[in-house]
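One-letter residues, chain by chain:
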Amino acid sequence: MRGGGRRTGDGSSHSAAAHADLPAAAVLDVLDGMVEKSVLTHRQHDGRSRYHTLETVREYGQERLAASGCESVLRRRHRDHMLALTGRAQREWFGPRQVEWFTRPRLDHANLGAALEYRLRTPGETAAGPAMAVTPRH
């Protein structure tokens, strides 16, 4: 949601759209179309697709989101996705995929920051924010 609206190609973009009006099966076609129109950029990292937006596009999207009345719902969904990611990183930290899970949260640094910012600015969310910030514990 922040710093480029990053999503990985491991099903995260599908889960992000699963609750929206866009069927999960159509997500990749929509993402490809947005890349073709230069709304998004696409990069591969360790076999995963990463999508980024330009800052101006992100700001415009933020304005539209705020005006839609759906911002809090989508921010909570984003928060939950980031909580799941950090929880999985913690579980995988001392295993055979440690290197991958050391790198992955770094790739989502901007998204984690956005989720933490939401938690710090939203009443009732602040108590759980630090848990996300220190995961994985090492």
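Residues numbered from 1 in each chain as written. Predicted model: local features only at pLDDT ≥ 70, side-chain atom pairs only at ≥ 80, totals over all residues. Heavy atoms only, no water.

### Re helix α6 (residues 109-121)
- A rise of 1.5 Å per residue sets the reference length of α6, with its 13 residues, at 18 Å; its end C-alpha atoms lie 18 Å apart and thus fit the reference within 8%.
- Buried within α6 we find Ala-110, Asn-111, Leu-112, Ala-114, Ala-115, Tyr-118 and Arg-119. (Helix = DSSP H or I, 4+ residues; strand = E, 2+ residues; numbered from the N terminus. Expected span 1.5 Å × (residues − 1). Buried < 20%, exposed > 50% of the residue type's maximum accessible area, 1.4 Å probe, protein only.)

### Considerations on the confidence of the model for the chain
- Across the chain, the average pLDDT comes to 79, with 78% of residues at 70 or higher.
- Confidence, expressed as mean pLDDT per element, reaches its minimum in the chain at helix α1 (residues 12-17) with 50 and its maximum at helix α3 (residues 55-68) with 92.
- Of the regions scoring below 50 in pLDDT, residues 1-11 engages in 48 contacts with residues more than four places distant in sequence or in other chains. (pLDDT = per-residue confidence, 0-100. Contact = heavy atoms within 4.5 Å.)

### What to know about unusual backbone geometry
- For Ser-38, which is not a glycine, the phi torsion comes out positive at approximately 65 degrees.
- Mapped onto the fold, Ser-38 is located in the loop between α2 (27-36) and β1 (40-45).
- Judged by its relative accessible area of 53%, Ser-38 is exposed.

### Let's talk about a nonpolar patch on the surface
- Together, Leu-22, Val-30 and Met-34 make up an exposed nonpolar region whose accessible area comes to about 190 Å².
- Examined against the element boundaries, Leu-22 turns out to sit in the loop between α1 and α2. (Patch = residues over 30% accessible without salt bridge, like charges linked within 9 Å, V, L, I, M, F, W, Y side chains within 5 Å. Areas by Shrake-Rupley, 256 points an atom, 1.4 Å probe, with all protein chains shown as cover. Salt bridge = Lys/Arg side-chain N within 4 Å of Asp/Glu carboxyl O.)

### Quick notes on the pairing of strand β2 (residues 48-53)
- For β2, a buried count of five out of six residues is recorded, marking the element as mostly surrounded by other parts of the structure.
- Between β1 and β2, which pair antiparallel and follow one another directly, the connecting turn spans two residues, one of which, Asp-46, has a positive phi of 50 degrees. (Pairing = 2+ DSSP bridges.)

### Let's talk about the environment of Val-35
- Residue position: Val-35 is located in helix α2.
- Sequence separation between Val-35 and Thr-53 is 18 residues, and the spatial gap between their C-alpha atoms is 9.5 Å.

### Examining the nonpolar core
- Residues Met-82, Leu-85, Ala-89, Trp-101, Leu-112 and Ala-115 constitute the largest nonpolar core, which totals six residues.
- Among the secondary structure elements, those contributing two or more residues to this core are α4 (71-92) and α6.
- By residue number, the principal contributor to this core is α4, which donates three residues. (Core = buried A, V, L, I, M, F, W, Y, C linked by side-chain atoms within 4.5 Å.)

### A few points about the side chain of Thr-86
- In this structure, Thr-86 sits in helix α4.
- There is a polar contact of 3.1 Å between the side chain of Thr-86 and the backbone oxygen of Leu-83. (Polar contact = N/O pair within 3.5 Å; in protein donor to acceptor, adjacent residues only side chain to side chain.)

### A few points about the packing of aromatic side chains
- Applying the stated criterion across every chain yields a total of two aromatic pairs.
- Residues Trp-93 and Phe-102 carry aromatic rings whose centres are separated by 5.9 Å and whose planes lie at 45 degrees to one another, so their mutual orientation is tilted.
- Site record: aromatic cluster; members linked through ring pairs are Trp-93, Phe-94 and Phe-102. (Phe/Tyr/Trp six-rings, centres within 6.5 Å; stacked < 30°, edge-to-face > 60°.)

### Remarks on the pattern of salt bridges
- In this structure the tally under the stated criterion is ten salt bridges.
- With a closest N to O distance of 3.2 Å, Asp-108 and Arg-50 form a salt bridge. Of this pair, Asp-108 sits in the loop between α5 (98-107) and α6 while Arg-50 sits in strand β2, and the two are 58 residues apart along the sequence.
- Taking the relative accessible area as the measure of exposure, Asp-108 reaches 4% and is therefore buried.
- For Arg-58, the salt bridge goes to Glu-55, with nearest N and O atoms at 2.5 Å. In this pair, Arg-58 and Glu-55 are both assigned in helix α3, three residues apart and thus about one turn of the helix distant.
- Given a relative accessible area of 42%, Glu-55 falls into the partly exposed group.
- Salt bridges linked by common partners bring Arg-79, Asp-80, Arg-119 and Glu-125 together as one network.

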